[in-house]
Amino acid sequence: FFPRFADHPAGPWLQIVESGPDDSRRAIAQGFFAAIAGARRRVLLATPYFVPTEALNAALINAALRGVEVSILAPWRSDSRLVAAAARSYYGELSRAGVVIHEYGPPMLHAKLLVTDDRIAMVGSANFDNRSLALNFEATAVIYDAGLAARLASSFEADLHRTKRYRNPGRR
């Protein structure tokens, strides 16, 4: 899915990936999966709707278990109680694996961002939920540029001042 950096001259590279219900490839979901599965140091994910597919949830857990720093920025209060409840149903397992979950707000979180290893960033309209990834028409820019990815990571980190860290009540 992702081209190798060594295959391209210096400079930012941008790939536009689209998906929708008329295309069974689920290109954005595949891109998210490939980025998380390929991460070696850290994964930063910001999304207003966090209801991952089974594969994406497993990718996040596996990344954390292999020592990758995985941080999720999700809203403290969503505009949908059902989505908020669904999102929190994943938090315990993710937290036990070592994923750090930050609940943002108020105000409502609107950012949709995935940064891996401060080298690749994905920014677009797709949330990290099955509705966006399978049922909606969405577009995401995949940015292959260490400088821009690092700046987006810094923006993610700056947003952490408006968060509370999720504490798994079942964890001691």
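Use the structure listed above.
Keep in mind the model is a prediction, meaning the values are calculated, not measured.

Explanation requested: the packing of aromatic side chains in the structure shown.
To describe a pair of aromatic rings, you give the distance between the ring centres and the angle between the ring planes. For the structure on display, the rule yields five aromatic pairs. Between the aromatic rings of Phe50 and Tyr91, the centroid separation amounts to 6.4 Å while the plane-to-plane angle is 45°, which identifies the pairing as tilted. Taken together, the residues Phe50 in strand β3 (residues 50–51) and Tyr91 in helix α3 (residues 81–97) connect sequence positions 41 residues apart. Since its relative accessible area comes to 1%, Phe50 is described here as buried. Judged by its relative accessible area of 1%, Tyr91 is buried. Seen in terms of ring centroids, Phe50 and Phe128 are 5.7 Å apart; in terms of plane orientation they differ by 0°. Their pairing is stacked. Residue Phe50 is located in strand β3, and its partner Phe128 is located in strand β8 (residues 128–129); the two are separated by 78 residues in the primary sequence.

Explain helix α2 (residues 54–65) here, please?
Residues three or four positions apart in an α-helix share a direction because the helix packs 3.6 residues into each turn. Spanning 12 residues, α2 covers 16 Å between terminal C-alpha atoms, matching the ideal 16 Å at 1.5 Å per step. Within α2 the residues assigned to the buried category are Leu56, Asn57, Ala59, Leu60, Ile61, Ala63 and Ala64. Two residues or fewer past α2, Gly67 is found with a positive phi of approximately 95°.

Is there a simple way to think about the pairing of strand β2 (residues 42–46) in this case?
The side chains of a regular strand alternate, residue by residue, between the two faces of the sheet. Most of β2 is tucked away, with five of its five residues classed as buried. Pairing of β2 with strand β4 (residues 69–75), which is carried by five bridges, proceeds in the parallel orientation. Its bridge partner lying in β4, Leu44 is registered against Ser71. Pairing of β2 with strand β6 (residues 113–116), which is carried by four bridges, proceeds in the antiparallel orientation. By the bridge assignment for β6, Ala46 is matched with Leu113.

Cut-offs used in this document
- Residues numbered from 1 in each chain as written.
- Predicted model: local features only at pLDDT ≥ 70, side-chain atom pairs only at ≥ 80, totals over all residues.
- Heavy atoms only, no water.
- Phe/Tyr/Trp six-rings, centres within 6.5 Å; stacked < 30°, edge-to-face > 60°.
- Helix = DSSP H or I, 4+ residues; strand = E, 2+ residues; numbered from the N terminus.
- Buried < 20%, exposed > 50% of the residue type's maximum accessible area, 1.4 Å probe, protein only.
- Expected span 1.5 Å × (residues − 1).
- Pairing = 2+ DSSP bridges.

Read these as spatial facts, not as claims about activity.
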